[in-house]
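Observations on chain architecture
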Amino acid sequence: MARIIAVVSGKGGVGKTTVTANLGIILGGMGYKVTLIDADVGLNNLDIALGLEDRVVYDVFDVISGRALPEEALIGSQDFPGVGLLPSVKGSEGIKAAAFQAITAIYAKTADYVLIDAPAGVEQGFHRAVSAAKEVVIVTTPHLSAVKDADRTLEALGVYDVDVCGLVVNRVIPERVQKGEAVSGDAIAGLMRLKLLGELPESDEIGINSLSAPRSESRKAYIRLAEAIDSDKEGYRVSERKRFFLFGRK
Amino acid sequence: MKQSDPERRMAEALNRSDRLPEGFGKSLLNDVDRVLGGWFEYGAGDLNLKITPSGRNYYIEITLDAARLKTLKLL
Ligand SMILES: Nc1ncnc2c1ncn2[C@@H]1O[C@H](COP(=O)(O)OP(=O)(O)O)[C@@H](O)[C@H]1O
Ligand SMILES: [Mg+2]
């Protein structure tokens, strides 16, 4: 039985889809069977984040309506061992939460992780994604508006039977934190009374490209994020990089 | 430790004082119990609330759009 984790945020554009895709790839690389479900039926782009948009044949709706078998609808790629993607389609907003919950449960039977890429906001699409999940990861950036929305989302989660695994603070620029211009991931997690699963660095080479470079900081941060979620290890702090240089690395 | 300015702003923005007080649900349930004394189902649109007494406890099942949100047990 898989861990079913919804990736939520409140505000759009903070990195839910990027986190879902990259986390899925790392967990797949660790040997787990991972199913990624795109629940952002309005702005579905998990397929694009994975570079698999040309491979889309079936979507969530086809599985719910029985046109495709659950396994048949998953898109896999040799580049991402262990990972299968269930894409969503524009115009499938009408999918009932109960139906979404049911197909998620089917995928959970044969996977180790089911990651659900949720839409922004706390409306119907959010309900669909979260009611199908057992756990939730909240993503924010260090910006005040994003943190406020994440906090509102945390409040909305209070009515669901889900465990909040913790907070991911994306797009952290350590220099800005040092100068006191930006708030650190630790401080944000402290204010929200959540466990910090990790900071992720602001990066020019975001997306899956950042993972293919073995020494990239994003890759390291994502591996640590996967370990924090998988085995409760201490989350990555972007300032660790600086410290490494200070004390001389290796 | 002194909070940096952006951090203080954030702390103020997350002030939770306007939230519902603890125990709000319990007093609501007491009212429900007093009035109905039995199980109770409430629906408004897609939101459904079903309260079932069990011994001295209550189970409240909340569903939205037919998907379960939460089952609460109240002592
Ligand atoms: N750490 C990062 N550094 C730079 N750009 C990022 C980072 N994370 C995400 N982005 C970019 O921000 C945009 C929004 O990300 P996305 O994952 O689609 O957000 P959401 O799913 O929350 O709407 C995308 O263009 C993505 O490439
Ligand atoms: Mg998205």
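See the structure above.
The residue numbers shown here count from 1 along each chain, following its written sequence. Here chains are named by letter from A upward and ligands by number from 1 upward, in the order in which they appear as written. With pLDDT at 70 or above as the cut-off, local features in this predicted model cover only qualifying residues; side-chain atom pairs require 80 or more to be listed or tallied, and sums for whole chains, interfaces and linings still use all residues. Excluded from the side-chain calculation are hydrogens and water; included are all heavy atoms of the structure.

For the rest of this paragraph, the subject is the overall build of chain A. When its secondary structure is counted, chain A shows twelve helices and eight strands. With C-alpha atoms as the basis for the radius of gyration, the globule rule is written as 2.2 Å multiplied by the number of residues raised to the power 0.38. Its C-alpha atoms give chain A a radius of gyration of 17 Å, within 12% of the compact-globule value 18 Å for 250 residues. C-alpha atoms of chain A, sized along the principal axes, occupy 60 × 40 × 30 Å. Here the term buried applies to any residue with accessible area under 20% of the maximum for its type, exposed to any over 50%, and partly exposed to those in between, with areas from a 1.4 Å probe on protein chains only. Within chain A, buried positions represent 54% of all 250 residues. Contacts are assigned to residue pairs with any non-hydrogen atoms lying within 4.5 Å of each other. For chain A, the share of sequence-separated contacts (at least 6 apart) that also reach a separation of at least 24 residues comes to 77%. Accessible surface computed for chain A: about 10,700 Å², of which carbon and sulfur atoms make up 53%. Only four residue types enter the tally: Lys and Arg on the positive side, Asp and Glu on the negative side, with His and both chain ends excluded. Think of each charge as sitting on NZ of Lys, CZ of Arg, CG of Asp or CD of Glu. For chain A, the centre of its 29 positive side-chain charges and the centre of its 33 negative side-chain charges are spaced 5 Å apart. Strands here mean DSSP runs of E at least two residues long; helices mean DSSP runs of H or I at least four residues long; both are numbered from the N terminus. Here the open area of atoms and residues is found with the Shrake-Rupley method and a 1.4 Å probe, where only the protein chains shown may cover a residue.

Tallying secondary structure elements over chain B gives two helices and four strands in all. In sequence order, chain B lays out its α and β elements as α-α-β-β-β-β. When each of the 75 residues of chain B is scored for burial, the buried share is 23%. Counted over contacts in chain B with a minimum sequence separation of 6, partners at least 24 positions apart contribute 9%.

Let's shift gears to the site of ligand 1. Residue and element names in this part refer to chain A. Near, as used in this document, describes a residue that has one of its heavy atoms within 4 Å of the molecule or strand being considered. Around ligand 1 sit 13 residues in total, of which Gly-13, Lys-16, Thr-17, Thr-18 and Pro-201 are the nearest. The separation between an oxygen atom of ligand 1 and a polar main-chain atom of Gly-13 is 2.8 Å. Whenever two N or O atoms come within 3.5 Å, that pair is a polar contact, provided that in protein one can donate a hydrogen and the other can accept it, and provided that, for residues adjacent in sequence, both atoms are side-chain atoms. At 3.2 Å, a side-chain N or O of Arg-171 approaches a nitrogen atom of ligand 1. Across the complex, the protein chains shield 77% of the 570 Å² of accessible surface that ligand 1 would expose by itself. Broken down by secondary-structure element, the contributors of at least two residues to the shell around ligand 1 are α1 (16-29) and β7 (163-172).

On to the interface of chain B and chain A, then. With 18 residues of chain B at the interface, the matching set in chain A holds 28 residues. Salt bridges are identified by distance alone: a Lys or Arg side-chain nitrogen within 4 Å of an Asp or Glu carboxyl oxygen. Across the chain B-chain A interface, the total number found is zero salt bridges. Those elements giving two or more residues to the side of chain B that touches chain A turn out to be α1 (5-13) and β4 (67-74) of chain B. With six residues, α1(B) is the largest single contributor of residues to the side of chain B that touches chain A. Grouping the amino acids of the side of chain B that touches chain A by side-chain chemistry returns nine nonpolar, two polar and seven charged. By the convention adopted, Pro, Cys, Tyr, Trp, Phe, Met, Ile, Leu, Val and Ala count as nonpolar, Lys, Arg, Asp and Glu as charged, and the other residues, Gly among them, as polar.

Another point: unusual backbone geometry. Residue and element names in this part refer to chain A. For Arg-171, which is not a glycine, the phi torsion comes out positive at approximately 65°. Summarising the element assignment, Arg-171 is placed in strand β7. We classify Arg-171 as partly exposed; its relative accessible area is 38%.

So, on to the packing of aromatic side chains. All names here are of chain A. Aromatic rings from Phe, Tyr and Trp, taking only the six-membered ring of Trp, are treated as a pair when their centres fall within 6.5 Å; an angle between ring planes under 30 degrees marks them as stacked, one over 60 as edge-to-face, and anything in between as tilted. Under the definition given, this model contains two aromatic pairs over all chains. On the numbers, 5.3 Å between centres and 75° between planes, the contact of Tyr-32 with Tyr-113 is edge-to-face. With Tyr-32 in the loop between α1 and β2 (34-38) and Tyr-113 in strand β5 (residues 113-117), the pair connects residues that are 81 residues apart, well separated along the chain. Here Phe-126 and Tyr-160 contribute two aromatic rings whose centre-to-centre distance is 6.1 Å and whose plane-to-plane angle is 85°, an arrangement assigned as edge-to-face. Pair noted here: Phe-126 is in helix α6 (residues 124-131) and Tyr-160 is in the loop between α7 (144-156) and β7, with a separation of 34 residues, a long-range link. A single burial state applies to Phe-126 and to Tyr-160, both of which are buried.

All names here are of chain A. Looking at the secondary structure, you find Val-114 in strand β5. The exposure class of Val-114 is buried, given its relative accessible area of 0%. A sequence separation of 79 residues divides Val-114 from Thr-35, and the C-alpha atoms of the two residues are 4.7 Å apart. Once you skip the residues sitting within four places of it in the chain, Val-114 turns out to touch Ala-2, Arg-3, Ile-4, Ile-5, Thr-35, Ile-37, Thr-104, Tyr-107 and Ala-108.

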